[in-house]
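# Examination of the molecular architecture
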Amino acid sequence: MTLGDIITLLQGGITEIFMLVLPVLGAALIIGLIVAIFQAVTSIQEQTLTFAPKFFVILAVIALLGGWMFTSLREYTIELFNTISQMGR
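First things first, this report covers the structure right here in the doc.

Definitions and cut-offs
- Residues numbered from 1 in each chain as written.
- Predicted model: local features only at pLDDT ≥ 70, side-chain atom pairs only at ≥ 80, totals over all residues.
- Heavy atoms only, no water.
- Axes fitted to C-alpha atoms, helices over the stretch in contact; angles between N-to-C directions.
- Helix = DSSP H or I, 4+ residues; strand = E, 2+ residues; numbered from the N terminus.
- Parallel < 35°, antiparallel > 145°, perpendicular 65-115°, else oblique.
- Nonpolar A, V, L, I, M, F, W, Y, C, P; charged D, E, K, R; others polar.
- Core = buried A, V, L, I, M, F, W, Y, C linked by side-chain atoms within 4.5 Å.
- Buried < 20%, exposed > 50% of the residue type's maximum accessible area, 1.4 Å probe, protein only.
- Contact = heavy atoms within 4.5 Å.
- Phe/Tyr/Trp six-rings, centres within 6.5 Å; stacked < 30°, edge-to-face > 60°.

## Here's the deal with the packing of helix α1 (residues 3-42) against helix α2 (residues 51-87)
Axes are the key here: two packed helices are described by the angle between their axes and the distance separating the axes. Two numbers describe how α1 lies on α2: the axes approach to 11 Å, and their chain directions differ by 175°. One way to sum up the angle between α1 and α2 is to call them roughly antiparallel. Looking at the contact of α1 with α2 residue by residue, the classes come out as 21 nonpolar, 5 polar and 3 charged.

## Examining the nonpolar core
Counting 5 residues, the largest nonpolar core is built from Leu20, Val24, Ala27, Val61 and Met69. Mapped by element, the contributors of at least two residues to this core are α1 and α2. Ranked by the residues each element gives to this core, the list is headed by α1, at 3 residues. Beyond its immediate chain neighbours, meaning those up to four positions away, Val61 contacts Pro23, Val24, Ala27 and Gly66.

## Here's the deal with the side chain of Ser72
Residue placement: Ser72 occurs in helix α2. Leaving out residues up to four positions away in the same chain, Ser72 has contacts with Glu16 and Leu20.

## What about the environment of Ala27?
With respect to the helices and strands, the residue Ala27 is situated in helix α1. Assessed through its relative accessible area of 14%, Ala27 is described here as buried. C-alpha separation for the pair Ala27 and Met1, spaced 26 residues apart in sequence, amounts to 39 Å. Setting aside residues no more than four positions away along its own chain, Ala27 makes contact with Val57 and Val61.

## Let's talk about the packing of aromatic side chains
Considering all chains together, one arrives at 2 aromatic pairs under this definition. Seen from their ring centres, Phe51 and Phe55 are 5.8 Å apart, and the 20° between their planes marks the pair as stacked. Linking Phe51 with Phe55, this pair stays in helix α2, spanning 4 residues, or about one helical turn. By relative accessible area, Phe51 is classed as exposed at 57%. Looking at Phe55, the relative accessible area reads 39%, which means it is partly exposed. Where Phe55 meets Phe56, the ring centres are 5.5 Å apart and the plane angle is 70°; that geometry is what we call edge-to-face. You can call Phe56 exposed: its relative accessible area is 54%. Through a chain of ring-to-ring contacts, three or more aromatic side chains come together here, namely Phe51, Phe55 and Phe56.

Keep in mind these numbers describe shape, not what the thing actually does.
So, in structure tokens, the structure goes:
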């Protein structure tokens with residue numbers, strides 16, 4: 001196993017993590033921004049107000065994209081195991 005192989009495996013893993021996490025974090029960021037603007041406009045400074053909308057939006061995104069996330073992670077894992085077994089030969 002060369003250094004290039006290890007770097008390729010790490011790049012693939014990091015790319016897969018970003019692809020799986022970006023939709024959830026993006027939705028949470030957008031909702032957080034909307035709630036922050038709402039709080040600034042209405043002068044409501046309740047810290048717990050941001051929790052519930054983010055929580056439900058994150059649950060909705062996971063419910064909608066969970067199948068795709070699982071399929072993508074499964075395919076990456078199978079590819080990773082095949083790559084590792086080929087490197088051992």
